[in-house]
Amino acid sequence: MNSPQRANAPLVEAEQLSKYFDLGGGQRVHAVEDVSLAVAPREIVGLVGESGSGKSTFGKTLLGLYPKSAGRVRYRGEALPGRYSPADFRRLAKKMQMIFQDPYASLNPRMTVGEIIGEGLRLHTDLPKPEINRRVAAWLDRVGLTGDHGSRYPHEFSGGQRQRIGIARALILEPEFVVCDEPVSALDVSVQAQVVNLLGELKESLGLTLLFIAHDLSMVRHVSDRMAVMYLGSLVEIGAADAVYFEPKHPYTELLVGSNPEPDPKAERARGAVEAQGEIPSPVNIPPGCRFAGRCPKVMDICRQSTPELTPLRDANRLVACHLYA
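Notes on the structure in this doc start here. Everything quoted here is computed from the prediction, not taken from an experiment. (Residues numbered from 1 in each chain as written. Predicted model: local features only at pLDDT ≥ 70, side-chain atom pairs only at ≥ 80, totals over all residues. Heavy atoms only, no water.)

Contact pair helix α5 (residues 159-171) / helix α6 (residues 189-206): the axes reach a minimum separation of 10 Å and the direction vectors enclose 20°. Of the possible angle classes, the one that applies to α5 and α6 is roughly parallel. Two packed elements cross with a definite hand, and for α5 against α6 that hand is right-handed. Contact residues: G160, Q163, R164, I167 and L171 in α5; V191, Q194, V195, L198, L199, L202 and L206 in α6. When its residues are assigned to classes, the contact of α5 with α6 shows eight nonpolar, three polar and one charged. (Axes fitted to C-alpha atoms, helices over the stretch in contact; angles between N-to-C directions. Helix = DSSP H or I, 4+ residues; strand = E, 2+ residues; numbered from the N terminus. Parallel < 35°, antiparallel > 145°, perpendicular 65-115°, else oblique. Left-handed = near helix turned anticlockwise from the far one by under 90°. Contact = heavy atoms within 4.5 Å. Nonpolar A, V, L, I, M, F, W, Y, C, P; charged D, E, K, R; others polar.)

Laid out in C-alpha coordinates, this is it:
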(Lines give C-alpha, C1' and ligand atoms only; values in the text may rest on other atoms or scores of the structure.)
Protein backbone atom coordinates (compact mmCIF):
# COMPACT_ATOMS: atom_id res chain seq x y z
CA MET A 1 0.00 0.00 0.00
CA ASN A 2 1.18 3.51 -0.76
CA SER A 3 2.09 5.65 2.25
CA PRO A 4 1.13 9.33 2.16
CA GLN A 5 4.24 11.50 1.85
CA ARG A 6 4.61 15.05 3.17
CA ALA A 7 7.17 17.72 2.41
CA ASN A 8 8.14 17.80 6.09
CA ALA A 9 9.42 14.70 7.84
CA PRO A 10 6.50 13.17 9.77
CA LEU A 11 6.30 13.65 13.51
CA VAL A 12 4.12 10.55 13.82
CA GLU A 13 3.63 7.93 11.14
CA ALA A 14 1.56 4.77 10.95
CA GLU A 15 2.71 2.19 8.43
CA GLN A 16 0.15 -0.48 7.48
CA LEU A 17 -1.17 -0.39 11.04
CA SER A 18 -3.76 -3.01 12.02
CA LYS A 19 -5.70 -3.77 15.19
CA TYR A 20 -7.80 -6.90 15.63
CA PHE A 21 -9.89 -7.99 18.61
CA ASP A 22 -10.13 -11.75 19.04
CA LEU A 23 -13.61 -13.11 19.73
CA GLY A 24 -12.60 -16.74 20.14
CA GLY A 25 -13.41 -19.64 17.89
CA GLY A 26 -11.08 -18.29 15.21
CA GLN A 27 -13.10 -15.09 14.76
CA ARG A 28 -11.84 -11.56 15.19
CA VAL A 29 -13.01 -8.00 14.69
CA HIS A 30 -11.03 -6.19 11.98
CA ALA A 31 -11.22 -2.83 13.76
CA VAL A 32 -8.30 -1.22 11.90
CA GLU A 33 -6.58 -2.81 8.93
CA ASP A 34 -3.54 -1.81 6.92
CA VAL A 35 -3.75 1.93 7.62
CA SER A 36 -0.86 4.21 6.61
CA LEU A 37 -1.01 7.83 7.68
CA ALA A 38 1.70 10.43 8.34
CA VAL A 39 1.24 13.59 10.41
CA ALA A 40 3.76 16.41 9.96
CA PRO A 41 4.93 18.69 12.81
CA ARG A 42 2.37 21.40 13.72
CA GLU A 43 -0.19 19.87 11.37
CA ILE A 44 -3.82 19.06 12.20
CA VAL A 45 -5.10 15.96 10.43
CA GLY A 46 -8.83 15.32 10.73
CA LEU A 47 -9.95 11.68 10.77
CA VAL A 48 -13.61 11.24 9.83
CA GLY A 49 -16.06 8.42 9.27
CA GLU A 50 -19.28 6.94 10.58
CA SER A 51 -19.56 5.56 14.11
CA GLY A 52 -17.85 2.17 14.25
CA SER A 53 -15.48 2.92 11.39
CA GLY A 54 -12.40 2.40 13.60
CA LYS A 55 -11.36 6.03 14.14
CA SER A 56 -11.00 5.88 17.92
CA THR A 57 -9.35 2.46 17.80
CA PHE A 58 -6.80 3.82 15.34
CA GLY A 59 -6.03 6.77 17.62
CA LYS A 60 -5.62 4.57 20.69
CA THR A 61 -3.45 2.07 18.81
CA LEU A 62 -1.32 4.93 17.50
CA LEU A 63 -0.64 5.99 21.12
CA GLY A 64 -0.02 2.45 22.35
CA LEU A 65 -3.16 2.31 24.50
CA TYR A 66 -4.03 -0.76 22.42
CA PRO A 67 -1.17 -3.07 21.39
CA LYS A 68 -0.72 -3.29 17.63
CA SER A 69 -1.80 -6.42 15.80
CA ALA A 70 0.39 -5.61 12.77
CA GLY A 71 2.26 -2.74 11.19
CA ARG A 72 4.46 -0.04 12.67
CA VAL A 73 4.20 3.34 14.36
CA ARG A 74 7.11 5.77 14.17
CA TYR A 75 7.65 8.84 16.33
CA ARG A 76 10.30 11.20 14.96
CA GLY A 77 11.60 8.28 12.91
CA GLU A 78 11.84 5.93 15.90
CA ALA A 79 9.92 2.66 15.54
CA LEU A 80 7.78 2.26 18.66
CA PRO A 81 7.30 -1.17 20.26
CA GLY A 82 4.26 -3.28 19.43
CA ARG A 83 3.30 -3.53 23.10
CA TYR A 84 4.38 -0.82 25.52
CA SER A 85 6.16 -1.60 28.77
CA PRO A 86 5.59 0.64 31.82
CA ALA A 87 8.87 2.37 30.95
CA ASP A 88 7.62 3.05 27.41
CA PHE A 89 4.45 4.63 28.76
CA ARG A 90 6.43 6.85 31.14
CA ARG A 91 8.77 7.99 28.37
CA LEU A 92 6.14 8.56 25.69
CA ALA A 93 3.48 10.13 27.93
CA LYS A 94 5.51 13.34 27.88
CA LYS A 95 5.44 13.37 24.07
CA MET A 96 2.02 11.98 23.09
CA GLN A 97 -1.31 12.43 24.86
CA MET A 98 -5.04 11.94 24.25
CA ILE A 99 -8.09 14.09 24.89
CA PHE A 100 -10.96 11.65 25.38
CA GLN A 101 -14.46 11.82 23.97
CA ASP A 102 -16.56 11.61 27.12
CA PRO A 103 -15.72 14.26 29.74
CA TYR A 104 -18.06 12.52 32.17
CA ALA A 105 -16.39 9.10 32.05
CA SER A 106 -12.76 10.16 31.59
CA LEU A 107 -12.38 12.06 34.88
CA ASN A 108 -11.98 10.22 38.18
CA PRO A 109 -14.93 11.32 40.36
CA ARG A 110 -12.96 10.63 43.56
CA MET A 111 -10.17 13.07 42.70
CA THR A 112 -10.28 16.85 42.81
CA VAL A 113 -9.75 18.73 39.58
CA GLY A 114 -6.35 19.85 40.80
CA GLU A 115 -5.33 16.26 41.47
CA ILE A 116 -6.61 15.13 38.05
CA ILE A 117 -4.71 17.81 36.13
CA GLY A 118 -1.54 17.44 38.20
CA GLU A 119 -1.44 13.63 38.16
CA GLY A 120 0.73 13.48 35.05
CA LEU A 121 3.31 15.80 36.61
CA ARG A 122 3.38 13.69 39.78
CA LEU A 123 3.85 10.47 37.82
CA HIS A 124 6.27 11.62 35.14
CA THR A 125 8.35 14.41 36.69
CA ASP A 126 10.30 15.10 39.86
CA LEU A 127 8.75 18.53 40.38
CA PRO A 128 8.05 19.53 44.00
CA LYS A 129 4.43 19.82 45.10
CA PRO A 130 4.38 23.66 45.20
CA GLU A 131 5.55 23.83 41.57
CA ILE A 132 2.96 21.24 40.50
CA ASN A 133 0.25 23.28 42.22
CA ARG A 134 1.48 26.44 40.50
CA ARG A 135 1.37 24.79 37.07
CA VAL A 136 -2.08 23.33 37.72
CA ALA A 137 -3.41 26.79 38.64
CA ALA A 138 -1.81 28.26 35.51
CA TRP A 139 -3.40 25.64 33.28
CA LEU A 140 -6.81 26.10 34.87
CA ASP A 141 -6.55 29.75 33.94
CA ARG A 142 -5.28 28.90 30.47
CA VAL A 143 -8.32 26.76 29.63
CA GLY A 144 -10.79 29.35 30.89
CA LEU A 145 -11.30 28.23 34.49
CA THR A 146 -9.92 29.69 37.71
CA GLY A 147 -7.40 28.55 40.29
CA ASP A 148 -10.01 27.91 42.99
CA HIS A 149 -11.67 25.34 40.71
CA GLY A 150 -8.81 22.99 41.55
CA SER A 151 -10.31 22.08 44.92
CA ARG A 152 -13.64 21.00 43.41
CA TYR A 153 -14.74 17.64 42.02
CA PRO A 154 -15.75 16.78 38.43
CA HIS A 155 -19.46 16.45 39.21
CA GLU A 156 -19.56 20.15 40.09
CA PHE A 157 -18.79 21.18 36.50
CA SER A 158 -20.70 21.29 33.22
CA GLY A 159 -19.76 19.11 30.26
CA GLY A 160 -17.87 21.92 28.55
CA GLN A 161 -15.95 22.71 31.72
CA ARG A 162 -15.08 19.03 32.21
CA GLN A 163 -13.68 18.85 28.70
CA ARG A 164 -11.54 21.91 29.46
CA ILE A 165 -10.25 20.00 32.48
CA GLY A 166 -9.46 17.04 30.24
CA ILE A 167 -7.60 19.34 27.86
CA ALA A 168 -5.53 20.78 30.71
CA ARG A 169 -4.74 17.26 31.97
CA ALA A 170 -3.49 16.20 28.53
CA LEU A 171 -1.44 19.33 27.80
CA ILE A 172 0.16 20.06 31.16
CA LEU A 173 2.97 17.64 30.26
CA GLU A 174 3.63 19.74 27.14
CA PRO A 175 3.36 16.90 24.61
CA GLU A 176 4.13 17.39 20.93
CA PHE A 177 1.38 15.15 19.57
CA VAL A 178 -2.21 14.95 20.81
CA VAL A 179 -5.03 12.68 19.65
CA CYS A 180 -8.37 14.45 20.09
CA ASP A 181 -10.90 11.63 20.17
CA GLU A 182 -14.21 13.30 19.24
CA PRO A 183 -13.56 15.93 21.93
CA VAL A 184 -16.84 17.81 21.43
CA SER A 185 -19.33 15.12 20.37
CA ALA A 186 -20.65 14.70 23.94
CA LEU A 187 -21.12 18.45 24.42
CA ASP A 188 -24.02 20.77 23.72
CA VAL A 189 -23.81 22.52 20.36
CA SER A 190 -23.62 25.86 22.15
CA VAL A 191 -20.25 25.00 23.75
CA GLN A 192 -18.72 22.91 20.96
CA ALA A 193 -17.37 25.95 19.13
CA GLN A 194 -15.83 27.29 22.35
CA VAL A 195 -13.89 24.07 22.95
CA VAL A 196 -12.80 23.82 19.29
CA ASN A 197 -11.59 27.43 19.35
CA LEU A 198 -9.69 26.76 22.58
CA LEU A 199 -7.94 23.78 20.98
CA GLY A 200 -7.02 25.94 17.99
CA GLU A 201 -5.55 28.65 20.21
CA LEU A 202 -3.53 26.11 22.21
CA LYS A 203 -2.32 24.45 19.03
CA GLU A 204 -0.93 27.75 17.78
CA SER A 205 0.58 28.89 21.08
CA LEU A 206 2.16 25.52 21.93
CA GLY A 207 3.08 24.36 18.43
CA LEU A 208 1.02 21.19 18.81
CA THR A 209 0.47 18.46 16.24
CA LEU A 210 -3.07 17.06 16.35
CA LEU A 211 -5.03 14.08 15.08
CA PHE A 212 -8.60 15.38 15.33
CA ILE A 213 -11.13 12.53 15.26
CA ALA A 214 -14.76 13.43 14.56
CA HIS A 215 -17.79 12.57 12.45
CA ASP A 216 -18.82 16.17 11.74
CA LEU A 217 -17.11 16.93 8.41
CA SER A 218 -17.82 20.66 8.47
CA MET A 219 -16.13 21.00 11.86
CA VAL A 220 -13.17 18.90 10.75
CA ARG A 221 -12.80 21.02 7.61
CA HIS A 222 -12.78 24.13 9.78
CA VAL A 223 -10.00 22.97 12.12
CA SER A 224 -7.85 20.67 9.96
CA ASP A 225 -5.10 21.09 7.40
CA ARG A 226 -5.76 17.67 5.89
CA MET A 227 -8.61 15.21 6.14
CA ALA A 228 -8.48 11.40 6.12
CA VAL A 229 -11.68 9.40 5.59
CA MET A 230 -12.06 5.97 7.19
CA TYR A 231 -14.58 3.28 6.33
CA LEU A 232 -14.80 -0.08 8.10
CA GLY A 233 -11.26 0.14 9.44
CA SER A 234 -9.51 1.32 6.24
CA LEU A 235 -8.68 4.70 4.75
CA VAL A 236 -10.49 5.51 1.50
CA GLU A 237 -9.40 9.12 0.89
CA ILE A 238 -6.77 11.61 2.10
CA GLY A 239 -6.24 15.19 1.03
CA ALA A 240 -6.35 18.86 1.92
CA ALA A 241 -9.39 19.46 4.11
CA ASP A 242 -11.10 21.90 1.73
CA ALA A 243 -10.40 19.70 -1.29
CA VAL A 244 -11.86 16.59 0.35
CA TYR A 245 -14.91 18.48 1.59
CA PHE A 246 -15.72 20.46 -1.55
CA GLU A 247 -14.40 17.98 -4.15
CA PRO A 248 -14.83 14.50 -2.66
CA LYS A 249 -13.55 11.74 -4.92
CA HIS A 250 -14.47 8.50 -3.16
CA PRO A 251 -18.19 7.61 -3.24
CA TYR A 252 -18.13 7.10 0.53
CA THR A 253 -16.72 10.59 1.05
CA GLU A 254 -19.47 11.92 -1.20
CA LEU A 255 -21.98 10.14 1.03
CA LEU A 256 -20.52 11.71 4.18
CA VAL A 257 -20.45 15.19 2.67
CA GLY A 258 -23.98 14.75 1.33
CA SER A 259 -25.29 13.69 4.73
CA ASN A 260 -23.71 16.72 6.44
CA PRO A 261 -26.55 19.29 6.79
CA GLU A 262 -26.17 22.65 5.09
CA PRO A 263 -26.85 25.67 7.37
CA ASP A 264 -28.57 27.43 4.45
CA PRO A 265 -32.04 25.86 3.95
CA LYS A 266 -32.10 26.80 0.25
CA ALA A 267 -28.74 25.17 -0.35
CA GLU A 268 -29.88 22.11 1.58
CA ARG A 269 -32.96 21.72 -0.64
CA ALA A 270 -31.05 22.41 -3.86
CA ARG A 271 -28.22 19.92 -3.50
CA GLY A 272 -28.68 16.40 -4.76
CA ALA A 273 -28.94 13.66 -2.18
CA VAL A 274 -26.33 10.88 -2.23
CA GLU A 275 -27.73 7.68 -0.83
CA ALA A 276 -25.87 4.52 0.08
CA GLN A 277 -27.35 1.13 -0.64
CA GLY A 278 -27.48 -1.84 1.70
CA GLU A 279 -25.93 -2.07 5.16
CA ILE A 280 -22.44 -1.74 6.59
CA PRO A 281 -20.74 -5.18 6.47
CA SER A 282 -19.75 -6.93 9.67
CA PRO A 283 -16.18 -6.11 10.79
CA VAL A 284 -15.89 -9.81 11.66
CA ASN A 285 -16.62 -11.01 8.12
CA ILE A 286 -15.08 -8.47 5.76
CA PRO A 287 -16.25 -9.05 2.17
CA PRO A 288 -13.70 -9.41 -0.66
CA GLY A 289 -12.87 -6.43 -2.81
CA CYS A 290 -13.74 -2.87 -1.84
CA ARG A 291 -15.37 -2.71 1.58
CA PHE A 292 -17.84 -0.10 0.35
CA ALA A 293 -18.90 -2.07 -2.75
CA GLY A 294 -22.11 -3.40 -1.21
CA ARG A 295 -23.37 0.14 -0.52
CA CYS A 296 -21.78 2.10 -3.38
CA PRO A 297 -24.04 3.70 -6.02
CA LYS A 298 -21.12 3.58 -8.50
CA VAL A 299 -20.09 -0.03 -7.93
CA MET A 300 -18.43 -1.97 -10.77
CA ASP A 301 -17.69 -5.69 -11.12
CA ILE A 302 -14.03 -5.20 -10.21
CA CYS A 303 -15.05 -3.55 -6.94
CA ARG A 304 -16.38 -6.87 -5.60
CA GLN A 305 -13.24 -8.76 -6.61
CA SER A 306 -10.18 -6.57 -5.99
CA THR A 307 -9.32 -4.33 -3.05
CA PRO A 308 -8.28 -0.85 -4.26
CA GLU A 309 -5.17 0.75 -2.80
CA LEU A 310 -4.69 4.38 -1.87
CA THR A 311 -3.50 5.89 -5.14
CA PRO A 312 -2.25 9.44 -5.76
CA LEU A 313 -4.43 11.54 -8.05
CA ARG A 314 -2.74 14.78 -9.11
CA ASP A 315 0.00 14.55 -6.49
CA ALA A 316 1.03 12.50 -3.47
CA ASN A 317 -1.07 14.68 -1.14
CA ARG A 318 -4.42 13.55 -2.63
CA LEU A 319 -4.98 9.82 -2.31
CA VAL A 320 -8.10 7.80 -3.09
CA ALA A 321 -8.73 4.06 -2.72
CA CYS A 322 -11.25 3.57 -5.53
CA HIS A 323 -11.25 1.63 -8.82
CA LEU A 324 -12.84 4.65 -10.51
CA TYR A 325 -9.38 6.26 -10.46
CA ALA A 326 -7.25 3.21 -11.23
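Read on for the rest.
Core analysis: the biggest nonpolar cluster contains 57 residues, and I117, I165, I167, F212 and Y252 have the highest contact counts within it. Residue contacts for I167: discarding those within four places in its chain leaves I99, V143, V195, L198, L199 and L202. Counting residues in hydrophobic clusters, the runner-up holds 31 residues, among them L63, Y84, M96 and M98. (Core = buried A, V, L, I, M, F, W, Y, C linked by side-chain atoms within 4.5 Å. Buried < 20%, exposed > 50% of the residue type's maximum accessible area, 1.4 Å probe, protein only.)

Another aspect to go through is the packing of aromatic side chains. One pass over the full model with this rule turns up six aromatic pairs. For the ring pair Y84 and F89, a centre distance of 5.1 Å and an interplane angle of 70° mean the geometry is edge-to-face. Classification of F89 by relative accessible area gives partly exposed; the value is 34%. When the centroid spacing of 5.3 Å and the interplanar angle of 65° are considered together, the rings of Y252 and F292 count as edge-to-face. Of this pair, Y252 sits in helix α9 (residues 251-259) while F292 sits in the loop between α10 (265-270) and β11 (311-312), and the two are 40 residues apart along the sequence. Like F292, Y252 is buried. What links up through ring pairs into an aromatic cluster is the set Y231, Y252 and F292. (Phe/Tyr/Trp six-rings, centres within 6.5 Å; stacked < 30°, edge-to-face > 60°.)

Relative to the elements of secondary structure, H30 occurs in strand β2 (residues 27-39). Given a relative accessible area of 16%, H30 falls into the buried group. Those residues in contact with H30, other than ones at most four positions away along the chain, are K19, Y20, L232, P283, V284 and I286.

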